[in-house]
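Here's the letter readout for the chains.
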Amino acid sequence: MRSQEWFGGSDKTGFFHRSGLKAMGIPERMFDGRPVIGICNTWSQLAPCNAHLRDLAEYVARGVYEAGGLPLEFPVTSLGETLMRPSTMLYRNLASMDVEETIRANPLDGVVLLAGCDKTTPAVLMGAASVDLPTILLSGGPTLTGRRNGVPLPSGTGTYTMYDDVRAGTMSSAEFVAAEACMWRSNGSCNTMGTASTMASLVETLGMALTGNGAIPAVDARRRTLAHDTGVRAVSLVHEQLAMSQILTREAFENAIRVNAAIGGSTNAVIHLLALAGRAEVPLELADFDALAAGVPLLVDLVPSGKYLMEDFFDAGGVPVVLNALGDLLHRDTLTVTGRTLGENVTGLTGWGSPVIRTLDEPLKKDAGIAVLRGNLAPGGAIIKPSAATESLLVHRGQAVVFEDIDDLRTRIDDPALDVSADSVLVLKGAGPRGYPGMPEMGNLPIPAKLLRAGVTDMVRISDARMSGTAFGTVVLHVVPESAAGGPLAVVRSGDWIELDVPARRLHLDIPDSELASRLAALGTPKLPSPGGYTELFQQHVTQADTGADLDFLRGRRGPEVARAGH
Ligand code: FES
C-alpha cells in the first residue's frame, strides 16, 4: 500500500505520521496495511448544492470500514454556482490543483470524490486524473422537484423565463421573489439537465461512478445506500489496483459524448470533457463532439431541451436506461469502477417505458448533440446546442448588435433607443476564458426588453462566453479565439452582417477578407490588466475553450509518486 510509505516505518517519521492520526482516536491496528481511502469532499455552505455532502461522507466512510479500509475525509476548495463571483469557471482549475496536490501529498491508497454543483465535478476529476490513483466519484444528486402554484419550477431555466416575464411586465417583482423559495426544495444540485446533472450522468457513463449515480435525488435514501456502496467499492479498487487511467480511455470519452447528446446535456460538458481528457492524456478534440454525436438522437425529455425534471428521469430509470436505449451506438466493453464493463453494469435495466426516456425509434428529436461551427468569425471553432435552439433560426442572416463587454451589455440591452430587431444578431465580446476572466455563463444574452414585450422569445446570439446548462436559445458559444486573444470576434462592429448556418456548420462575418485583415491588424494583440494573484496566473496560462480552458501547465498526468518526508 502507498500509505505504508507513511505508516510502515518504525523511525521518528513513522511515529509522527501515526501519532497525529491517533490523536483523532484511530487505533494502532488501523495502520496494519489496510487501504487508506481519502474522501475528498467539496462540502461547503458556500456551495449550497453540496451542503449535504458531509452527511453522504458518513455513509461512504461506513462502506470503507465495512470493506476493511480506513477512511479519512478531507475538504477541498468548493465552487458554488449560485454565489461565486466573477465566475466559478475562474476557479475550476484552482480547485483541481487543490485536489491533485492534497491527494498526492497524503497517505492515500484510493480516493472517493464527492461533488455536485457544476464545476465541482470536473474540478475533482481533473485533479484526481493528474494523480491517477484508484478513484471513484459519488455525486450529490439533484434537488427534488420544486413547484409554484402547482407548476414545476425548473432550476435555473425557471429563473431565466420568470425574469423575462418580469422584464416583459407580465410578472411582478413580488411574485418573482416569492418563487425563490419554491425552486430548490431540498439539498442537491439543479433539478434540470443542467451542467451538474449532465456531469453526474457522464461520470456514470465514463465508468467513474457506480450505476445509478446520475439521477438518484440528493435526499432519497438510495443516494445514501449508493454512498455506502461507493465506500465499499473504493477499497476493492485499491486491492485490484484499478487506476483512473484504466477507466478514462478514448472509448469512455466517446461514450460520454454520445450520451451527452442523447440526454440533451449541457454545452459545458464540452469544455469539461476536453479539460479532463487533457489531464488523462486521452486525445480528444472539439471536432469529436460533432463527429461522434452525429446521428445520435435526443432521447431524454428533460428541461431545458424538453419538459420533465430530474426526479422524473430517476423514476424512468435514469442513465442505465439511456445506455441501453443507445444500444450499439456505445462502446459497451469499456471498463468501469464496478470492475465490470459498462454493458454488464446495465444489463436488464431497460426501464418501464416512461415517456421521459424515448427509444431510438421514437426520439424526441432526430439530431441532438453539439454542433461545432467554423468560419472567419471562429477559426478555432464555436459551438451551439441545436436541441435547445429555435429551429427556424438555425439558418439565419442578420446584422450585428455589438456589446463590447458585459458591462456594456447590462447598460444598453434594455435601452428603448437600442437599434435592434428580432432579426438582429446579438454579439458579446470580452467574456472568454482570458478576457472576462473566467468565461462566465453570459452567452445566452437577454432578449432586449422591448422585443420581449413584442413577443420575441429567441434571437441569434454569439459570444466567447459559456452558457448555463439550464439555459436555452439559439446561442453560439465558446468562440475561439476569444476576443481578448485577438480573435475576429473582437473586430465585429454593429451593423456588420453575420451568417449562421448550423446544418453547414458555418459562422461567417460577411465583410471582405481585406477588411477583416485590416481591422485585425489595427487591433493588434489586446493587452490584459495585471490584477496579480491567482487571477493573473489564470490569465497568463489559461488555454482557449477548444482545449478545455485548463491551465497549460496542469495538462497531463503527474502520477502518485510519494515525495520525501519533511521531518
Ligand atoms: Fe449548483 Fe445548479 S446551481 S447545480
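Above this text you will find the structure in question.
Residues numbered from 1 in each chain as written. Predicted model: local features only at pLDDT ≥ 70, side-chain atom pairs only at ≥ 80, totals over all residues. Heavy atoms only, no water.

K.L.:
Explain the overall build of the protein to me, please; I cannot follow it from the model alone.
P.N.:
Each helix and strand counted, the protein has 20 helices and 14 strands in total. A globule of 567 residues ought to have a C-alpha radius of gyration of about 24 Å, and the protein, at 24 Å, matches this closely. Referenced to the eigenvectors of the C-alpha coordinate spread, the extents of the protein come out at roughly 75 × 55 × 50 Å. Out of the 567 residues in the protein, the part that is buried amounts to 60%. Look at the contacts in the protein between residues 6 or more apart in sequence, and 76% of them connect residues 24 or more apart. Of the roughly 20900 Å² of accessible surface on the protein, 52% is carried by carbon and sulfur atoms. Each charge class in the protein was averaged separately, 49 positive and 63 negative side chains, and the resulting centres sit 3 Å apart. (Helix = DSSP H or I, 4+ residues; strand = E, 2+ residues; numbered from the N terminus. Rg over C-alpha atoms; globule rule 2.2 N^0.38 Å. Buried < 20%, exposed > 50% of the residue type's maximum accessible area, 1.4 Å probe, protein only. Contact = heavy atoms within 4.5 Å. Areas by Shrake-Rupley, 256 points an atom, 1.4 Å probe, with all protein chains shown as cover. Lys, Arg positive; Asp, Glu negative; His and termini not counted. Charge placed at Lys NZ, Arg CZ, Asp CG, Glu CD.)

K.L.:
Got a minute to help me understand the packing of aromatic side chains in this structure?
P.N.:
Given two aromatic rings, one states the distance between the centres and the angle between the planes to describe the pair. By the definition in use, this model includes four aromatic pairs. Relative to Tyr534, the ring of Tyr91 has its centre 6.0 Å away and its plane inclined at 25°; by these criteria the two rings are stacked. With Tyr91 in helix α4 (residues 88-105) and Tyr534 in helix α20 (residues 533-541), this pair connects stretches of sequence that are 443 residues apart. For the pair shown, Tyr91 and Tyr534 are each scored as buried. Cluster of aromatic residues (ring-pair linked, three or more members): Tyr91, Tyr534 and Phe538. (Phe/Tyr/Trp six-rings, centres within 6.5 Å; stacked < 30°, edge-to-face > 60°.)

K.L.:
I keep staring at the environment of Leu237 and nothing clicks. Help me out?
P.N.:
One can find Leu237 in helix α9 (residues 221-240). The spatial distance from the C-alpha of Leu237 to the C-alpha of Glu58 is 19 Å, given a sequence separation of 179 residues. The residues contacting Leu237, other than those within four sequence positions of it, are Pro134, Thr135, Ile136, Leu242 and Val337.

K.L.:
Would you mind showing me how to read the sheet that holds strand β4 (residues 135-139) here?
P.N.:
Hydrogen bonding along the main chain pairs the strands of a sheet, whether they run parallel or antiparallel. The sheet built from four strands is open, its strands ordered β2-β1-β3-β4 with parallel pairing. On the outer flanks of this sheet lie β2 (70-75) and β4, each paired with one strand and no other. The average angle at which neighbouring strand axes cross in this sheet is 20°, direction not considered. The pairing of strand β3 (residues 110-115) with β4 spans five bridges and is parallel. Bridged to Ala115 within β4 is Ser139. (Pairing = 2+ DSSP bridges. Axes fitted to C-alpha atoms, helices over the stretch in contact; angles between N-to-C directions.)

K.L.:
Would you mind showing me how to read the nonpolar core here?
P.N.:
What tends to happen in soluble globular proteins is that the nonpolar side chains get buried as a cluster. Of all hydrophobic cores here, the largest spans 108 residues; its most connected members are Ile103, Leu206, Leu248, Phe253, Leu273 and Phe313. Examining the composition of this core, we find that eight residues originate from one element, helix α12 (residues 268-280), more than from any other. (Core = buried A, V, L, I, M, F, W, Y, C linked by side-chain atoms within 4.5 Å.)

K.L.:
It is not clear to me how the environment of Met24 should be interpreted in this structure. Could you clarify?
P.N.:
Secondary-structure assignment places Met24 in the loop between α2 (12-22) and β1 (36-41). Taking C-alpha positions, Met24 is 61 Å from Leu393, a pair spaced 369 residues apart along the chain.

K.L.:
Any chance you could explain helix α13 (residues 286-293) here in plain terms?
P.N.:
With six of eight residues buried, α13 lies mostly within the body of the structure. When α13 is considered as a whole, its buried residues turn out to be Leu286, Asp288, Phe289, Asp290, Leu292 and Ala293. Structurally, α13 contributes buried residues whose contacts are with α11 (250-262), α12, β7 (371-375) and β8 (378-384). Just past α13, the residue Gly295 takes up positive phi, approximately 85°.

K.L.:
What exactly am I supposed to notice about the packing of α11 against α12 here?
P.N.:
Pairs of packed helices are described in terms of their axes, by the angle between the two and the distance that separates them. At a closest axis distance of 11 Å, the pairing of α11 and α12 adopts a crossing angle of 175°. The angle between the axes of α11 and α12 places the two elements in the roughly antiparallel class. Along the contact surface, α11 presents Phe253, Ala256, Ile257 and Asn260, while α12 presents Ala269, Leu273, Leu276 and Ala277. The residue makeup of the contact of α11 with α12, split by class, is seven nonpolar, one polar and no charged. (Parallel < 35°, antiparallel > 145°, perpendicular 65-115°, else oblique. Nonpolar A, V, L, I, M, F, W, Y, C, P; charged D, E, K, R; others polar.)

K.L.:
Help me understand unusual backbone geometry in this model?
P.N.:
Trans peptide bonds make up the majority, and among non-glycine residues the majority have a negative phi. That bond from Arg85 to Pro86 is cis: its omega, 0°, falls within 30 degrees of zero. Each neighbour pair has its own omega, and for Tyr436 with Pro437 the value is -5°, a cis peptide bond. Along the chain, Pro437 turns up in the loop between β10 (425-428) and α18 (449-453). Although it is not a glycine, Asn149 sits at a positive phi angle of roughly 50°. As for its placement among the helices and strands, Asn149 is situated in the loop between β5 (146-148) and β6 (151-153). Residue Asn149 is classed as exposed on the basis of its relative accessible area, which comes to 67%. Positioned with a positive phi, Ala549 is a non-glycine residue whose angle comes to about 50°. Considering the arrangement of structural elements, one finds Ala549 in the segment after α20.

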